[in-house]
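A structural walkthrough
Listed below are the residues making up each chain.
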Amino acid sequence: MEVTQMTSPIHNYSEIGKLKTVLLKRPGREIENFTPEMMPRLLFDDIPYLPIAQKEHDYFADTLRDNGVEVLYLEKLSAEALDAGGEEVRDHFLEQMLTESGYASGTIHDALKEYLGSMSNQDMVVKIMAGVRKNELDFVPKDLVSCAENQDYEFYMDPMPNLYFTRDPSACIGDGLSINHMTYPARQRESLFNETIIKYHPRFANQGVHVWRDRNHTTRIEGGDELVLNDHVMAIGVSQRTSADAIQDIAKNLFAHGQYDTVIAIKIPHNHAMMHLDTVFTMINYDQFTVHPGILGKGGQIDTWTITPGQNKGELNLQHDTDLKKVLKAALHLDDLDLIPTGNGDPIIAGREQWNDGSNTLAIAPGVVVTYNRNYVSNELLRKHGLKVLEVISSELSRGRGGPRCMSCPIVREDLKK
Ligand SMILES: NC(=O)NCCC[C@H](N)C(=O)O
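Residues numbered from 1 in each chain as written. Predicted model: local features only at pLDDT ≥ 70, side-chain atom pairs only at ≥ 80, totals over all residues. Heavy atoms only, no water.

For the protein chain, the name recorded in an unreviewed UniProt entry is Arginine deiminase, with Lentilactobacillus farraginis DSM 18382 = JCM 14108 as its organism. Under the heading Subcellular location (unreviewed entry), UniProt records this for the protein chain: "Cytoplasm". As stated in UniProt under Sequence similarities (unreviewed entry), the record for the protein chain gives "Belongs to the arginine deiminase family." (UniProt positions renumbered as here; feature names shortened; annotations may be inferred.)

Leu112, Leu116, Ile128, Met157 and Phe193 are the most contacted members of the largest nonpolar core, which has 41 residues in total. If near-sequence neighbours (up to four positions away) are discounted, Phe193 is found in contact with Leu74, Ser78, Phe93, Met97, Val125, Ile128, Met129, Met160 and Leu163. Core analysis: the second largest hydrophobic core is formed by 33 residues, Met38, Leu64, Val71 and Tyr164 among them. (Core = buried A, V, L, I, M, F, W, Y, C linked by side-chain atoms within 4.5 Å. Buried < 20%, exposed > 50% of the residue type's maximum accessible area, 1.4 Å probe, protein only. Contact = heavy atoms within 4.5 Å.)

Quick look at the sheet that holds strand S13 (residues 304–309) now. What the five strands build is an open sheet, ordered S8-S9-S10-S13-S14; its pairing is mixed. One side of each edge strand has no neighbouring strand; the edge strands of this open sheet are strand S8 (226–228) and strand S14 (316–321). Here the average twist between neighbouring strands, direction ignored, is 20°. With three bridges joining them, S8 and strand S9 (residues 233–238) adopt antiparallel strand pairing. (Pairing = 2+ DSSP bridges. Helix = DSSP H or I, 4+ residues; strand = E, 2+ residues; numbered from the N terminus. Axes fitted to C-alpha atoms, helices over the stretch in contact; angles between N-to-C directions.)

So, on to the packing of aromatic side chains. In the structure shown here, the tally under the stated rule is six aromatic pairs. Feature note: the residues Phe34, Phe44, Tyr164 and Phe165 constitute an aromatic cluster, connected by ring pairs. A cation sits over an aromatic face here: Arg401 above Trp355, 3.9 Å from the ring centre. (Phe/Tyr/Trp six-rings, centres within 6.5 Å; stacked < 30°, edge-to-face > 60°. Lys NZ or Arg CZ within 6 Å of the ring centre and 35° of its normal.)

What follows covers unusual backbone geometry. Its identity as a non-glycine residue notwithstanding, Leu43 has a phi of 65°, on the positive side. Note on placement: Leu43 falls in the loop between helix H1 (39–42) and helix H2 (50–66). A residue is classified by how much of its surface remains accessible, and Leu43, at 10% relative accessible area, is buried. Of note, Arg401 is a non-glycine position whose phi angle comes to about 70°, a positive value. When you line up the elements, Arg401 lands in the loop between strand S18 (388–392) and strand S19 (409–413).

The next point concerns the pattern of salt bridges. Applying the stated criterion across every chain, the model contains 27 salt bridges. Where Asp62 meets Arg65, a salt bridge forms, and the shortest distance between an N and an O atom there is 2.8 Å. With a gap of three residues between them, Asp62 and Arg65 both fall in helix H2, about one helical turn apart. By relative accessible area, Asp62 is classed as partly exposed at 37%. For Arg65, a relative accessible area of 36% puts it in the partly exposed group. Put simply, Arg241 and Glu222 hold a salt bridge, and the shortest N to O gap is 3.2 Å. A residue pair is termed long-range when its members are at least 10 positions apart, and Arg241 in the loop between S9 and helix H10 (244–257) and Glu222 in the loop between strand S7 (210–213) and S8 qualify at 19 residues. Comparing Arg241 with Glu222, the two get one shared label, buried. Linked by salt bridges that have partners in common, Glu15, Asp278 and Arg405 make up one network. (Salt bridge = Lys/Arg side-chain N within 4 Å of Asp/Glu carboxyl O.)

If you want it as structure tokens, here you go:
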């Protein structure tokens, strides 16, 4: 009998291998469908201007395409997955989305189900992403919660403005991925789209994709913290968004079922400006990284724990260290490495450019990075360190507090030369 080897449609064994396929989300109505009062809860710092945000995002996507990258869109794959899954899958998806939006049953559930259920899969996906306002439905709720508590709130279903940060709800690692239970309610529904794609889209379903950790957990992890340094070493941020217990959990799964043998947990400040490791630290070449000086203490120290498999199954060894350079050199077998400080280390420029994602570079090949044009001091420094820097326009996209790495989820990268 002929045995056919299944090849996973996901192949991502580094942060820097030549990027072949990436998942993006073009900003839609969801990034305008909220008021200033809703901004903190929705994790935004301002109201973006949609036509310009779309223009900037198209420029980003074109920059990737011009460099040989296949660009897939979350909104399109989600609808295609539902098309492929059929009626039962669509019904299950909608029920789950309604449940996670606060309507497991009841009259509002029924009205929303009828409203969204009358749409094509593509329209339904776009509508759910954009949010559902009360005035869209010809329905007056009569339950006590609606009458006594929520009468002034405009939405039945909140918009999901953070969807264009495709980095976070899932993360491709090796030939698999983590589908993430995210920290804040504003983003928790997002990974349901990723789960649906992996389970039902013909490109991904039944193709041997490993799910290292699914979204059905109470502990929290987000892709901005998950850095695939090479084919056996990861770095994961202990951050506002990723908890230490989730890191231990995914480390155990990676060690037991994959080729990974080292996870470096890096503790960063827990605040909005630095919510993920990739807002302060990214890998951009075999031996080069961006680092925001604001994460380093006196003498350049930072808490790291190198996690490796323990003696017995399921056990983990921890090695604590505070010298990031030493830890990375040891794990990556490098004689030296170049940590390039955001804003050239100037405290004012570093703080300002990090806020607008000056550390958040997307490597599309070793030594080739995509960055926001507004971070001109950091960009100039990267060039001085020998990097090829492709700048993209960034006035509106940056209002969501994420840069080129946050806005992209690499699915396929070429393997690195050994
Ligand atoms: N990887 C990233 O750092 N993503 C940026 C996410 C920004 C978004 N407004 C959030 O707070 O989740």
